[in-house]
Structure formats: structure tokens, C-alpha cells
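# Chains, contacts and geometry: an overview
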Amino acid sequence: LEFLSAGEGQMPPEQNNATELTSWKEIADHLRVNIRTAQRWEEERRLPVHRLGGERGRVVAWTAELDRWKKAAIERTRWWNNARLLRIYALALSVVVAIGAVLGSIFLARIARKGPPQTYYWKDRSLVTLDSAGREAWRYDFPETVDPHAPIGMWIGDLDGDRSVETVAPYRPVLGGDKPMDLRCLSEQGKLRWRFAPQRKVRDRSREYAPVYHLRRFRVFPSPESKDANWVAASFVHHWGYPCQVAVLDNHGRLRGEYWHSGHFDDLETADLDGDGVHEILLGGVNNGRQQAVLVVLDPRKVSGCSTQAEGDAHQLLDLPSGTEKAIVWFPRTSLNRKLEQFNFAYEVAVIGDEIKVQVKERMGDPQPFLIYVLDRGLNVKSVVPSETMRNFYLEMKASGKLDQALSDAELDRLRREVRVIRKQ
């Protein structure tokens, strides 16, 4: 028989020098690998296997020759010389690099991407918002320089329940006068979504009042129609006259109701007073006809009409139906107020826990003494608390002979008893 080498055509070693192996199983067992590995070593690493009768003949190998090959392979071969291993390594490295590049780009994109606005500041005529990292999210330019000290504030949050952040911002120029003021809603990217300002003309028995109106207060409160959306209530006062419009807007800026008042509302709050899941609108101000501080409560689902004045009152607004107030609270005037002023004024309303606190200013100039009327959520008066300024001013007025007595507990009790509550709904 003619023995042919699979690799180099060498003659087989003498049988008395080694054990003859005549199958792939015996060869693999001797090398302590599986058959497929032994066959791959023959193809890739020239494992000394011979065949009888040509390329497809029976395999034969000798242990001595396999042992020499194995020893030489151990001494010669390192991982960097293994072409197959290098291919696997290169492929794995490419995958790792690609994944790293993708993750790196995502990470860098997140770092570079600005988040939604969290805070803000005013700069001349620009509203500048900052994200949670203190980076500028966007800036919005108003037509003229805005008064940054106007006590109106801003609102930043999800107005319509779409998980994006809107900003509701007042526009009040520094020198307002007869310049238009409005309320604007800006998107998470700082684009104008909607804008609102009163456009209606109203009149009393002597004159007509056309826009412009000045924004005094606004509040964002839960929508009475959708648990995920919010509505907006805002009060606007005529720029030289007394009419005041209370506008109720939905999250799209649509006017859902308007109430007109013969006087000013300088504060506005919202709270669910009766626990029915709907926030009422509480408005503190003055009624010009009665020359008296007033608190008006509205149901946002039923806002229309105007305040009703006394018969023949020149301040009665015309061409409007009677107002849909849920309740009206009238606050009496102190002897100090009657002595020095034409009216008292409810200028701050706060709902804290189970109490409604209404600050009523009894003097318009400095110092500004005031009373705090404490009501429960049913609008029942619990107490009347004077400010320290009020007590001291009473003492000064008594010392100067302008008042007969200091502020007494009897006077405070009279004021509490004279609070008048009208419930209409």
C-alpha cells in the first residue's frame, strides 16, 4: 500500500516507533478533543493525518507524530497566530466598538439635549426659562420690556395632560398705561400656543368701556371636565375705569365663561370648598357702588353675567344678565376706614387647610393697616384678627384726637357680626 500524507507527502513513521490510529475517534481521543476539533486542526493547522487510497480513503495517524505536532504547536502557536480566533476577536471587537459608539452618542445626545423648563427669569423684554440642570431651555421675546416685579407670577406645568410642560405667562409692560396686556401659553419649546385678552366693550348708564384691560391675577386649577387637564382663571381691570372681567379659559385658551364686576378684583384663588371635586374661584376686591370690600365665589362651570348693583347705581353694567355667583361675602368698614377712606378693599385671599383667610385693607396709604377675616369652607366667619399695624394706627389716631377709642374686642366682634354672606347656588 502507498501511504500519502495529507499535508506534506511525508512517508509514515515505522510502526515499531508509535501506535497506529485508524479512525477520527481514536485520533481525537488521543488529542483529548472532539472529532470536529481534530478535523478542523487537520484543515487549519496541518495536523499530521494520512489517508489510505487517496483523499477520501481511510485515515491513519501515528501517536508519535501527533505528539510531536502537539508539542510543536504548543511551543509555536499563540492566540495572535490563530487566524480563526483573530477573525472572531475582530468581529467581537467591532461589535463592542459599534455598541459603544451607539451608547456614547445616546449619552452625549442626552447630555446635550435640553430638558423642559423648571424655573425662569426676566431679561428686558425676554422671558428666559432654565431646565433642571440650569441650562437655558428657551427664551421668548415680548413686544416690549416686561415689568419683572409685577406681583402676578408664572405657572409651569402640564396644562393639557399630554406629558409636555407648558408655561402660562403674563405680559405686563413696564409702563402699561393704555398698552395692551394679556395672558399667554407657551409650549415646551417656547412657542406661542395661545394668547388671551378681553376684547369686549361694556357700558354703564354714562359711558362705554373699550379695551385695553390690565391683567391683575391668574390661577391654573384642575379642569372640571377632565382629570388630566387644567383650566385658567384670570382677572382683568379696565386701564382707566372700574369694570373688571373674570375670564375662565380651558387648556386650549378657549373662553369658557366670563363674569363682569363693577369694581376691581386684585386677588384670585381656587379651591374645592365643598368637596365635590370641582375647584371654586374666589375673588377678592371691592365693589365700587357699595364702596365695600367683597369676596365673590364662582363655579367655573357656570360663569356668566355681571354683578348686580343697587337700584339706580351708576356703576351698574348694562346689556348683561345677572351674574352667576355661587356666593358673595361683604366685609364691613371699620370706623378708621370711614374716617380716612372711601372704601375698604379685600386684597389677599388664601385657602389654608379648612380655613379661608381674607385680608381686608382698611387704609390705602402708608401705613396700610388690615384685618384678617377667617372663614370656614362654608363661608362662616370664625374670627377677625387685626394686624399689629392696625392696632398701632388706631392708638395713634386716638392720641391725635381723630378717633374716640382704640381698636377694642367689642369693635372686632361688631365687625365679625356684620359680615354678610349671600349664598345664591
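Above: the structure in question.
In what follows, the accompanying structure is described. Predicted model, so just to flag it, every value in this text is computed and none were measured. (Residues numbered from 1 in each chain as written. Predicted model: local features only at pLDDT ≥ 70, side-chain atom pairs only at ≥ 80, totals over all residues. Heavy atoms only, no water.)

## Some remarks on the pattern of salt bridges
- Within the structure shown, the criterion is met by 25 salt bridges.
- A salt bridge links Asp 274 to Lys 326; the nearest nitrogen and oxygen atoms lie 2.8 Å apart. Separated by 52 residues along the polypeptide, Asp 274 in the loop between strand S17 (255–271) and strand S18 (280–287) and Lys 326 in strand S20 (residues 325–331) bring together distant segments of the chain.
- Take Lys 326: its relative accessible area is 18%, and that puts it in the buried class.
- Shared partners join several salt bridges into a network, and the residues in it are Glu 225, Asp 250, Arg 254 and Arg 256. (Salt bridge = Lys/Arg side-chain N within 4 Å of Asp/Glu carboxyl O. Helix = DSSP H or I, 4+ residues; strand = E, 2+ residues; numbered from the N terminus. Buried < 20%, exposed > 50% of the residue type's maximum accessible area, 1.4 Å probe, protein only.)

## A look at the sheet that holds strand S21 (residues 345–352)
- Sheet architecture is open: four strands sit in the order S21-S22-S23-S24, paired in antiparallel fashion. Both outer strands of the open sheet, S21 and strand S24 (381–386), are each paired with one neighbouring strand and no more. Along the sheet, successive strands turn relative to each other by an average axial angle of 20°, direction set aside.
- Summarising the sheet, strand S22 (residues 355–361) and strand S23 (residues 370–376) pair through seven bridges and their orientation is antiparallel. Residue pairing in the sheet places Lys 361 in a bridge with Phe 370 of S23. (Pairing = 2+ DSSP bridges. Axes fitted to C-alpha atoms, helices over the stretch in contact; angles between N-to-C directions.)

## Points about the sheet that holds strand S10 (residues 182–186)
- The sheet built from four strands is open, its strands ordered S8-S9-S10-S11 with antiparallel pairing. A strand with exactly one partner marks an edge of an open sheet, and here the two such strands are strand S8 (155–157) and strand S11 (192–196). Between one strand axis and the next, the sheet turns by 15° as a mean value, whatever way the strands run.
- Across five bridges, the pairing between strand S9 (residues 166–171) and S10 is antiparallel. Within S10, the position partnered with Tyr 171 by the bridge is Asp 182.

## Some words on helix H6 (residues 388–399)
- Between its first and last C-alpha, H6 extends 17 Å over 12 residues, near the 16 Å set by a 1.5 Å rise per residue.
- If you check which residues of H6 are buried, you get Met 390, Phe 393, Tyr 394 and Met 397. Down the axis of H6, the buried set is contained in an arc of 105°. They therefore lie on one face. Summarising the geometry of H6, the exposed residues directed more than 90 degrees from the buried face are Glu 388, Glu 396 and Ala 399.
- At its buried positions, H6 is contacted by helix H5 (335–340), S23, S24 and helix H7 (409–418).
- Downstream of H6 by a residue or two, Gly 401 has a phi angle that is positive, lying close to 85°. (Expected span 1.5 Å × (residues − 1). Arc of directions from axis to C-beta. Contact = heavy atoms within 4.5 Å.)

What is shown is where atoms sit, not what they do.
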